[in-house]
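# Observations on the model geometry
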Amino acid sequence: MRPKKILVAVSGSRADDEVVKLGCDLARKAKATVHIVYVIEVKRSLPLDAVIDSEMKRAEEVLNHAEQVASDRDCDVEADLVQARDVGPAIVDEARERGADLIVLGLDYKRRFGLFSLGRVIPYVIEEAPCRVVICREPMA
Amino acid sequence: MSSSNNWQPKLGDKFVRRPRIRLHLRRVLGVPGLFSTAYGDIGSSIYYALGIVVVVASGATPVSLAIAGIFFVFTALSYAEGTAMLPEAGGSASFARHGFNDMVGFIAGWALMFGYVVTISISAFTIPSYLGYFWEPLKISPTFGTAAAMAIVLILIVINVFGIKESSLLNLFLTILDMGTQILLVLLALLFLFNPAVFVERIVNYWPSTPNLIFGVAIAAIAFTGIETISQMAEETRRPQVRSPRALILTTVAVLAISGGLSVSAFSAMTPAEMASEWAKDPIAGIAHALSFAIVPGQLAAEWFSEPGAQIVVAWVLGMVRALLPLLIALLAATILFVATNAGLMGISRLAFSLGRFQMIPPAMSRVHSKFKTPFIAIILFGLVAVLLQVPGFFMPNLFEHLGGLYAFGSMLSFALAHLAIIALRVRKPELPRPFRLGWNIKFKEREVPVTALLGLLGTSVVWVVVVIMQPYSRWVGLAWMAVGIGVYYLFRWRKGISLRQAADKPEMSVWDIR
């Protein structure tokens, strides 16, 4: 697998560091470019272009941290912030727009009511993405 | 030389903090998505509009709806030009702000908010009547009916504060089911009930007084509530300059055709007096009820087919239709109206956020919850106003038509300002790109002004004046709402030191890369 453009989606979860490192490692081997994207999900009771200061601040913190992790790996990245109604379609759309060959997503190890959960976003991206998808799940412990 | 650690901003320093990151908006809607959302909003109002109009306009109901339909077309056309030109959320408030100034924009927006609040009240108020199919007290008891309506709005307030995700697929499914059922009703009514002589006789014999006719036209505008939806969703639409006008025209045609068909069906099913007395709050259920008596499966099957096998099958099918139609209407109407009530709450919270962003209302009203990320204050505040409007339902038997009058007050004022703004933009800002430019213009001081906007302005203004003069309830409640709003606007701007008319500082929009 030699991707040329890698899209790394971060969400402020514990898995972000691993996801960015994985994306950078794959990019180094394949000499690919890396785009990091964070999606702010806007509820329908707000306009799509609503500026929510707390969300913007969190997004910048997450993306700053992701850029720092990438920099520690000697990896040049471009970070984008996307605001959308749904995270999954926004990631898929971003991948299509950029012509990404690979999407890298992270997954915290979560159990809901005793059952392991993939959440909403990952199943959607796996089903709809136009390219390969790599999921990086954090360790259990 | 001062140390950077001791640096403090001086009085009058102004800082604009820009996000470092490039920001995109994801526009996803196309014409089908816009149409299904808009029809879901507009198409839901016929479930109560027919009843309200017949209470006022009696035999002239089809005529009132037709005249209101013409105004609706003019308004839709003005919105088509405005939305294509200014594809931002805000609708008439946005047009008025660009065409005139912030003060006029606020008045249009505040009137529009009143329309939304009333739509929430009236949609929820109608649901118990349709659910009366399952438990009659919901329809016939003012106490149970009003309590249920208030509970519906309160539940939706909670749902919207939490911000539970809405399924666009479910909305699309409901819209298709709704349209399909309405078309089926119209076809069945034309097949089994329609008689041209009886139809005309019912119009003529129940013709109202002139004041009631005029008020009927005003009230009939409620059949077309929701036109703002497409405009409000322009920001989420791909290529809104092209797709919003298309969706508006498609929705206009669909709504007019189905509303016209349903009003003919209703007048074929029962007399205006029957509709006004027994089916005022659930007129579509009345049509289904009449059809269930008109369809006699065995008799019809024998008339249509001579083959015993075919007769059995057709009789079975007709029997199922007869049995299921009232049940389907009850469930579908309640569901559609529930979705419409929810849409009203979401619309009003978006509009409140937009007005807050342009510093037309105190930002506290559009504050976002830290955990749920929803404008919870706007949702709770305006939701409770909608509940308050329902309270007289416990003791006022004709609250239903008063709610119709309240809607006409807010929407006609907002639409009149929209038409006026479109005209003003033609005069003051002719250089603005107009991807959808209305034809049929007249020249005015070397500018071209659309005739449809002029006629729309005339029609909506006259109707608004009629409502204010003829309806004391609507007049005082509506004017009180406007007075409170204008008072808040004036005080807020005065305290902030912002001119009433000039645009306040807005958040920088240049960081947005909108796709």
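Residues numbered from 1 in each chain as written. Chains lettered and ligands numbered in written order. Predicted model: local features only at pLDDT ≥ 70, side-chain atom pairs only at ≥ 80, totals over all residues.

Within chain A, the secondary structure is distributed over 4 helices and 7 strands. Scanning chain A from its N terminus toward the C terminus, one meets helices and strands in the order β-α-β-α-β-α-β-β-β-α-β. Here the C-alpha atoms of chain A give a radius of gyration of 15 Å, agreeing with the 14 Å that 2.2 N^0.38 yields for 141 residues. By its C-alpha atoms, chain A is 45 × 35 × 30 Å across when sized along the principal axes. Counting all 141 residues of chain A, 44% fall into the buried class. Contacts in chain A between residues far apart in sequence, at least 24 positions, make up 78% of those at least 6 positions apart. (Helix = DSSP H or I, 4+ residues; strand = E, 2+ residues; numbered from the N terminus. Rg over C-alpha atoms; globule rule 2.2 N^0.38 Å. Buried ≥ 20, exposed ≤ 12 C-beta atoms within 10 Å, placed from the backbone. Contact = placed C-beta atoms within 7 Å.)

Along chain B, the regular secondary structure elements total 20 helices and 4 strands. Over its C-alpha atoms chain B spans a radius of gyration of 24 Å, differing by no more than 12% from the 24 Å that the globule rule assigns to 515 residues. Overall, chain B is about 105 × 55 × 45 Å in size when its C-alpha atoms are taken along their principal axes. Here chain B, with 515 residues, has 53% of them falling under the buried criterion.

This paragraph deals with the packing of helix H3 (residues 61-85) of chain B against helix H19 (residues 451-470) of chain B. Residues and elements named next belong to chain B. Contact geometry of H3 with H19 gives a least axis separation of 9 Å together with a crossing angle of 125 degrees. One way to sum up the angle between H3 and H19 is to call them oblique. When you trace H3 past H19, the crossing you get is left-handed. Of H19, the residues touching H3 (which contributes Phe71, Phe74, Thr75, Leu77 and Ser78) are Thr452, Ala453, Leu455, Gly456, Gly459 and Thr460. (Axes fitted to C-alpha atoms, helices over the stretch in contact; angles between N-to-C directions. Parallel < 35°, antiparallel > 145°, perpendicular 65-115°, else oblique. Left-handed = near helix turned anticlockwise from the far one by under 90°.)

Residues and elements named next belong to chain A. By the criterion of burial, strand E3 (residues 77-84) is predominantly enclosed, with 6 of the 8 residues buried. Bridge analysis of strand E2 (residues 33-41) against E3 gives 8 bridges, and the strand direction is parallel. From the neighbouring strand, Tyr38 faces E3, where its bridge partner is Leu81. After leaving E2, the chain enters helix H2 (residues 53-72) and then returns to the sheet as E3, a path that is right-handed. (Pairing = 2+ DSSP bridges. Right-handed = clockwise from strand over helix to strand, strands pointing away.)

Looking now at the nonpolar core. Ranked by internal contacts, the top residues of the largest apolar core, which has 206 residues, are Ile103 of chain A together with Ala221 of chain B. Ranked by the residues each element gives to this core, the list is headed by helix H5 (residues 102-131) of chain B, at 19 residues. Once residues lying within four places of it in the same chain are set aside, the contact partners of Ala221 of chain B are Ala68, Phe71, Ala408, Ser411, Met412 and Val463 of chain B. (Core = buried A, V, L, I, M, F, W, Y, C linked by C-beta atoms within 7 Å.)

Once that is clear, we can look at the confidence of the model for chain A. Segments scoring low in pLDDT should not have their predicted coordinates read at a detailed level. Of the residues in chain A, 99% have a pLDDT of 70 or more, and the chain-wide mean is 90. For chain A, per-element mean pLDDT is lowest for strand E5 (residues 111-112) of chain A, which scores 74, and highest for strand E1 (residues 5-10) of chain A, which scores 96. (pLDDT = per-residue confidence, 0-100.)

This part covers the environment of Glu138 of chain A. Residues and elements named next belong to chain A. Within the secondary structure, Glu138 sits in the segment after strand E7 (132-137). Glu138 gets classed as partly exposed once you count the C-beta atoms within 10 Å, which come to 17. C-alpha separation for the pair Glu138 and Glu60, spaced 78 residues apart in sequence, amounts to 23 Å.

Moving on: the packing of H3 of chain B against helix H10 (residues 210-220) of chain B. Think of two packed helices as two axes; the pair is described by the angle between the axes and how far apart they sit. Residue and element names in this part refer to chain B. Where H3 meets H10, the axes come as close as 8 Å, and the angle between the chain directions of the two elements is 55 degrees. Between H3 and H10, the interaxial angle falls into the category oblique. Where H3 crosses over H10, the two elements pack in a sense that is right-handed. Contacts from Thr61, Ser64, Leu65, Ile67 and Ala68 in H3 reach Leu213, Gly216, Val217 and Ala220 in H10. Of the residues assigned to the contact of H3 with H10, the class counts are 6 nonpolar, 3 polar and no charged. (Nonpolar A, V, L, I, M, F, W, Y, C, P; charged D, E, K, R; others polar.)

What follows is about helix H20 (residues 472-496) of chain B. All names here are of chain B. The end-to-end C-alpha distance of H20, which contains 25 residues, comes to 36 Å, matching closely the 36 Å that a straight helix rising 1.5 Å per residue would cover. Of all the residues in H20, the buried ones are Ser474, Gly478, Trp481, Gly485, Tyr489 and Arg493. Summarising the contacts, the buried residues of H20 are in contact with H5, helix H18 (399-428) and H19. Immediately downstream of H20, the backbone of Gly497 shows phi near 70 degrees, a positive value. (Expected span 1.5 Å × (residues − 1).)

The next thing to look at is unusual backbone geometry. Positive phi, close to 55 degrees, is recorded for Lys31 of chain A, a residue that is not glycine. Inspection of the secondary structure puts Lys31 of chain A in the loop between helix H1 (16-30) and E2. In this structure Lys31 of chain A comes out as exposed when scored by C-beta crowding, with 9 C-beta atoms within 10 Å. Notably, Gln359 of chain B is not glycine yet its phi reads approximately 55 degrees, a positive angle. On the secondary structure map, Gln359 of chain B appears in the loop between helix H16 (308-357) and helix H17 (376-390). Residue Gln359 of chain B is classed as partly exposed on the basis of its C-beta count, with 19 C-beta atoms lying within 10 Å.

Residue and element names in this part refer to chain B. Summarising the element assignment, Gln241 is placed in helix H12 (residues 240-269). In this structure Gln241 comes out as partly exposed when scored by C-beta crowding, with 17 C-beta atoms within 10 Å. Sequence separation between Gln241 and Gly82 is 159 residues, and the spatial gap between their C-alpha atoms is 9.4 Å. Not counting residues up to four positions away in its chain, the partners in contact with Gln241 are Ala84, Pro87 and Pro435.

Below, the discussion takes up the confidence of the model for chain B. All names here are of chain B. Chain-level statistics for chain B give a pLDDT mean of 86 and a share of 91% at 70 or above. Confidence, expressed as mean pLDDT per element, reaches its minimum in chain B at strand E4 (residues 512-514) with 43 and its maximum at H17 with 96. Counting contacts from residues 9-18, a segment whose pLDDT is below 50, to residues more than four positions away or on other chains yields 3 contacts. Every residue in residues 507-515 is under pLDDT 50, and counting partners more than four places away or in other chains gives 17 contacts. Across the predicted assembly, pTM comes out at 0.87 and ipTM at 0.82.

Taking 1.5 Å per residue, 30 residues should reach 44 Å; H5 of chain B reaches 44 Å between its end C-alpha atoms and fits that length. Counting buried positions along H5 of chain B gives 29 out of 30 residues, so the element sits mostly inside the fold.

To continue, consider the pairing of strand E2 (residues 441-444) of chain B. Residues and elements named next belong to chain B. Where E2 meets strand E3 (residues 447-450), 4 bridges bridge the pair, whose relative direction is antiparallel. Opposite Ile442, over in E3, you have Val449 as the bridge partner. In this structure, the hairpin formed by E2 and E3 is closed by a connection of 2 residues, where Lys445 is found at a positive phi of approximately 50 degrees.

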